[in-house]
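# Tertiary structure, described
Chain by chain, the residues run as shown.
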Amino acid sequence: AGLWTVFTLGGVGSKAPPQLEQSSPLANQSLLLLLVLANLTDAPDTPNPYRQAITSFKNTQDSTAFSSSNPHAFQINFNSLYTALCEQQKSDQATLLLYMLLHQNGNVRTYVLARTDIENLV
């Protein structure tokens, strides 16, 4: 549940007024922590589990069966993630998360490129 809050950046739905967006420091700090953890260097004997999770999560709407040998794999609703990222593009943290997801997670990249409303993100 906590990771979902980080990905939705405090919630998806109606756009919050600017003063309300500033009042969610926990979501912003959580996102910053996630970005720092995901960008730590790998140890020689074990890869970074946060980076593995970020680079391998899948869409809950995907029709293929969810089976992964990666113990850090999980599923998330890409539509909700896309909506949250579109709404938060003025935030540096959200932009950095989007950049990382587009470059390191092929599932997210494929989903975003398949969207017909990509101008909302750009």
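For the structure, check the block above.
So, here is what we can say about the structure in this document. (Residues numbered from 1 in each chain as written. Predicted model: local features only at pLDDT ≥ 70, side-chain atom pairs only at ≥ 80, totals over all residues. Heavy atoms only, no water.)

## With respect to the environment of Arg115
Inspection of the secondary structure assignment puts Arg115 in the segment after helix 7 (106-114). Note: C-alpha distance between Arg115 and Tyr82 (33 residues apart in sequence) is 9.6 Å. In this view, Arg115 contacts Asn79 and Tyr82; residues no more than four positions away in its chain are not counted. A distance of 2.6 Å separates the side chain of Arg115 from the side chain of Tyr111, its partner in a polar contact. (Helix = DSSP H or I, 4+ residues; strand = E, 2+ residues; numbered from the N terminus. Contact = heavy atoms within 4.5 Å. Polar contact = N/O pair within 3.5 Å; in protein donor to acceptor, adjacent residues only side chain to side chain.)

## Some remarks on the nonpolar core
Phe57, Leu85, Leu97, Leu101 and Leu121 are the most contacted members of the largest nonpolar core, which has 22 residues in total. Contributions of two or more residues to this core are made by helix 3 (25-38), helix 4 (49-56), helix 5 (78-87), helix 6 (92-104) and helix 7. (Core = buried A, V, L, I, M, F, W, Y, C linked by side-chain atoms within 4.5 Å. Buried < 20%, exposed > 50% of the residue type's maximum accessible area, 1.4 Å probe, protein only.)

## Focus on a nonpolar patch on the surface
A grouping of Leu113, Ile118 and Val122 is seen on the molecular surface, where their side chains present a nonpolar patch of about 330 Å² in accessible area. The topology assignment puts Ile118 in the segment after helix 7. (Patch = residues over 30% accessible without salt bridge, like charges linked within 9 Å, V, L, I, M, F, W, Y side chains within 5 Å. Areas by Shrake-Rupley, 256 points an atom, 1.4 Å probe, with all protein chains shown as cover. Salt bridge = Lys/Arg side-chain N within 4 Å of Asp/Glu carboxyl O.)

## Focus: helix 5
Counting buried residues in helix 5 gives eight out of ten residues, a clear majority hidden from the surface. For helix 5, the complete set of buried residues consists of Phe78, Ser80, Leu81, Tyr82, Ala84, Leu85, Cys86 and Glu87. In this structure Asn77 caps helix 5, since a side-chain oxygen of it lies 2.9 Å from the backbone nitrogen of Asn79.

## Remarks on empty space enclosed by the protein
Inspection of every chain in the model, using the stated rule, returns one cavity of 30 Å³ or more. Counted as a void, the largest cavity has a volume near 40 Å³. Secondary-structure elements contributing two or more residues to the lining of the largest cavity are helix 5 and helix 7. The greatest single-element share of the lining of the largest cavity, amounting to four residues, is contributed by helix 5. Residues of the lining of the largest cavity, tallied by class, amount to seven nonpolar, no polar and no charged. (1 Å grid on protein atoms, 1.4 Å probe; cavity = no way out; pocket = protein on both sides within 12 Å on 5 of 7 lines; lining within 4 Å. Points joined across faces, edges and corners; volume = space filled by probe spheres on them. Nonpolar A, V, L, I, M, F, W, Y, C, P; charged D, E, K, R; others polar.)

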